[in-house]
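Structural description and commentary
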Amino acid sequence: MNNLQSAFKAPTPALFGYIALGISFGFLFVKMGLPWWLAPIMSLVVYAGAAQFIALTLLANHAGLLQILGATFLVNLRHIFYGLSFLGKFPKNGLQKLYMVFGLTDEAYSILSAQKHYNSQKAFLIILLAHSYWIIGSLIGAVLGASIPFDLHFLAFALTALFVVLAVELCLLKKRYTTLGMAVIAVIVGLTVFPSQMLIASLAIATLLMLLVYPWSKDHEH
Amino acid sequence: MNINDILLVILCMGMVTWALRAAPFFLMEFFKHHKVIQHLGNRLPGAVMVILVVYSVKDAGYTHAPYGAPSLLGIVTVLVLHLWKRNMFISIVGGVVVYGLLGHFLP
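Let us look at the overall build of chain A. The helix and strand inventory of chain A stands at 12 helices and zero strands. Written out in order from the N terminus, the α and β elements of chain A read α-α-α-α-α-α-α-α-α-α-α-α. A compact globule built from 222 residues should have a C-alpha radius of gyration of about 17 Å, and chain A, at 19 Å, falls within 12% of that. Looking at chain A as a whole, 46% of its 222 residues are labelled buried.

Before going further, it helps to spend a moment on the overall build of chain B. The helix and strand tally for chain B stands at five helices and zero strands. The order of α-helices and β-strands along chain B, N terminus first, is α-α-α-α-α. Here chain B has a C-alpha radius of gyration of 19 Å; the compact-globule value for 107 residues is 13 Å, and the former is much larger. A buried classification covers 38% of the 107 residues belonging to chain B. Expressed as a percentage of contacts within chain B between residues at least 6 apart in sequence, the contacts between residues at least 24 apart total 41%.

Turning our eyes to something else, we now look at the packing of helix 5 (residues 65-76) of chain A against helix 1 (residues 3-26) of chain B. For the pair helix 5 of chain A and helix 1 of chain B, interaxial distance at closest approach is 10 Å and the crossing angle is 30 degrees. By the angle between their axes, helix 5 of chain A is roughly parallel relative to helix 1 of chain B. As for the relative orientation of helix 5 of chain A and helix 1 of chain B, their crossing is right-handed in sense. When helix 5 of chain A is examined against helix 1 of chain B, the residues L65(A), I68(A), L69(A), T72(A), F73(A) and N76(A) are found in contact with a partner set consisting of L8(B), V9(B), C12(B), M13(B), V16(B), T17(B) and L20(B).

Here helix 10 (residues 157-172) of chain A contains 16 residues, and its C-alpha end-to-end distance of 21 Å stays within 8% of the 22 Å for a straight helix at 1.5 Å per residue. Most of helix 10 of chain A sits out of view: 14 of its 16 residues are buried.

Opposite the 61 residues of chain B that make contact, chain A presents 73 residues. Of all the elements in the fold, those that place two or more residues in the side of chain B that touches chain A are helix 1, helix 2 (28-33), helix 3 (35-57), helix 4 (69-85) and helix 5 (88-105) of chain B. Examining the composition of the side of chain B that touches chain A, we find that 22 residues originate from one element, helix 3 of chain B, more than from any other. For the side of chain B that touches chain A, the per-class residue count stands at 41 nonpolar, 16 polar and four charged.

Model confidence for chain A is summarised by a mean pLDDT of 84, while 90% of its residues fall at 70 or above. Here helix 1 (residues 2-9) of chain A stands out as the least confident element of chain A, with mean pLDDT 63; helix 3 (residues 38-45) of chain A is the most confident, with 96.

Turning our eyes to something else, we now look at helix 4 of chain B. Relative to the 24 Å expected for 17 residues at 1.5 Å per residue, helix 4 of chain B spans 24 Å between its end C-alpha atoms, a close match to the ideal helical length. Of the surrounding secondary structure, the elements contacted by the buried residues of helix 4 of chain B are helix 10 of chain A together with helix 3 and helix 5 of chain B. After helix 4 of chain B finishes, the residue R86(B) shows a positive phi value of roughly 50 degrees.

What the domain assignment lists for chain A is domain 1 (2-173) and domain 2 (176-222). Centre-to-centre, using C-alpha coordinates, domain 1 of chain A lies 26 Å away from domain 2 of chain A.

What follows deals with the nonpolar core. The biggest cluster of nonpolar side chains holds 98 residues, and the ones touching the most others in it are A158(A), A206(A) and I51(B). With 13 residues, helix 10 of chain A is the largest single contributor of residues to this core. The two domains that each donate at least three residues to this core are domain 1 (2-173) and domain 2 (176-222) of chain A.

All names here are of chain B. Overall, the prediction assigns chain B a mean pLDDT of 88, with 96% of residues at 70 or greater. Model confidence for chain B, summarised as mean pLDDT per element, is weakest for helix 2 at 70 and strongest for helix 4 at 95. Across the interfaces of the predicted complex, the ipTM metric reaches 0.86, alongside a pTM of 0.76.

By the element assignment, R78(A) lies in the loop between helix 5 and helix 6 (79-82). C-beta crowding within 10 Å serves as the criterion here: with 21 such atoms nearby, R78(A) is assigned to the buried category. It is 13 Å that separates the C-alpha atoms of R78(A) and E107(A), two residues lying 29 residues apart in sequence. Apart from the residues within four sequence positions on either side, R78(A) is in contact with L44(B), P45(B) and V48(B).

Look at helix 10 of chain A against helix 5 of chain B: their axes get within 9 Å of each other, and the N-to-C directions meet at 135 degrees. Relative to helix 5 of chain B, the element helix 10 of chain A lies oblique. When the axes of helix 10 of chain A and helix 5 of chain B are compared, the crossing they make is right-handed. Of the residues in helix 5 of chain B, those in contact with F157(A), A158(A), A161(A), L162(A) and V165(A) of helix 10 of chain A are M88(B), S91(B), I92(B), G95(B), V96(B) and Y99(B).

The rules behind each value
- Numbers given for residues are sequential positions, taken from 1 along each chain in its written order.
- All chains are assigned letters beginning at A, and all ligands numbers beginning at 1, according to the order in which they are written.
- Totals for whole chains, interfaces and linings use all residues, but because this is a predicted model, local features are given only for residues with pLDDT of at least 70 and pairs of side-chain atoms are given and counted only at 80 or more.
- Each helix is a run of DSSP H or I of at least 4 residues and each strand a run of E of at least 2, with the numbering of both proceeding from the N terminus.
- We compute the radius of gyration from the C-alpha atoms alone; for a globule the expected value is 2.2 Å times N to the 0.38, where N is the number of residues.
- We call a residue exposed when 12 or fewer other C-beta atoms sit within 10 Å of its C-beta, buried when the count reaches 20 or more, and partly exposed for counts in between; the C-beta positions come from the backbone.
- What counts as a contact is two residues whose backbone-derived C-beta atoms lie within 7 Å of each other.
- Comment: axis = line fitted to C-alpha atoms, over the contacting stretch for helices; angle = value between 0 and 180 degrees taken between N-to-C directions.
- Angles are sorted into four bins: roughly parallel if under 35 degrees, roughly antiparallel if over 145, roughly perpendicular if 65 to 115, and oblique for all others.
- Two helices that cross are described as forming a left-handed crossing if the nearer one is turned anticlockwise from the farther one by less than a right angle, and a right-handed crossing if clockwise.
- One less than the residue count of a helix, multiplied by 1.5 Å, gives the span that helix is expected to have.
- Side-chain classes follow a simple rule in which Ala, Val, Leu, Ile, Met, Phe, Trp, Tyr, Cys and Pro form the nonpolar group, Asp, Glu, Lys and Arg form the charged group, and the remainder, Gly included, forms the polar group.
- Per residue, pLDDT captures the predictor's confidence, and it can take any value from 0 to 100.
- Where each domain begins and ends is defined by an automated method or by a domain database.
- Buried Ala, Val, Leu, Ile, Met, Phe, Trp, Tyr and Cys residues form a nonpolar core when they are connected through C-beta atoms within 7 Å.

Structure follows, in structure tokens:
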């Protein structure tokens, strides 16, 4: 019970972001002409905010399954590195561990990394809460979208806002200014040279630049 | 698209996402011995976010009034709020409110 209470207390402000984002996701989901009850199901099964938004845009443009999976892979690629911090820390219990691995989203990762006294039972509850908020938010948004006439398309900006927050966390607050510089170069080249394939081109250019500086990086030592 | 196609998309997306999150738990040895993977792992996620920010607002209509002002000022709002408070909820809601109001009141 103690764990449950502190799980409720600790990460509340960050977790409520999930409700806000979930509402905008559910709303846009319905506005794409998809049935409302699928929105919470998608949030339950996929549980990846950015990828779910991108998939919506792709679905609206009649993209194929492979294209959507390719985008999901690229957008969620960063999650590969989240698990590295928790390799030895997750519980031995098989099912619980599988679920926690599944729930290692951006928010869960940042909340769990910030915990002073890591406790795997509490971590499990935090992940469970975050997931529930995301599903509940999607459901609320989908029901609102299906029933009220207001134009809430501006809620889609929540996605841009999420990307800005993560860019600040990962570049500025970690003082990775070279990374930021490379991303800016990649964006400029992507927009000017490959305007119709900007996303893929910029990602490829950024990866290439990082591989080029690898011999001079600190990771290269030891 | 029919319901079955969408359910298939949802299921496959879930599998890709889970596989990526589970990768380090299964490929521990591989990650440990490939410094270049760690090098990319430390840097690529931040760069991806910067690229996604630009990608998500690149079609905001910069050639005519209001010249993308809602998007640009929305981004500035999120930046300032997050550097100041470092609270995801405040940053996202603040940005969306500024974007929504500007979109409504600017010509």
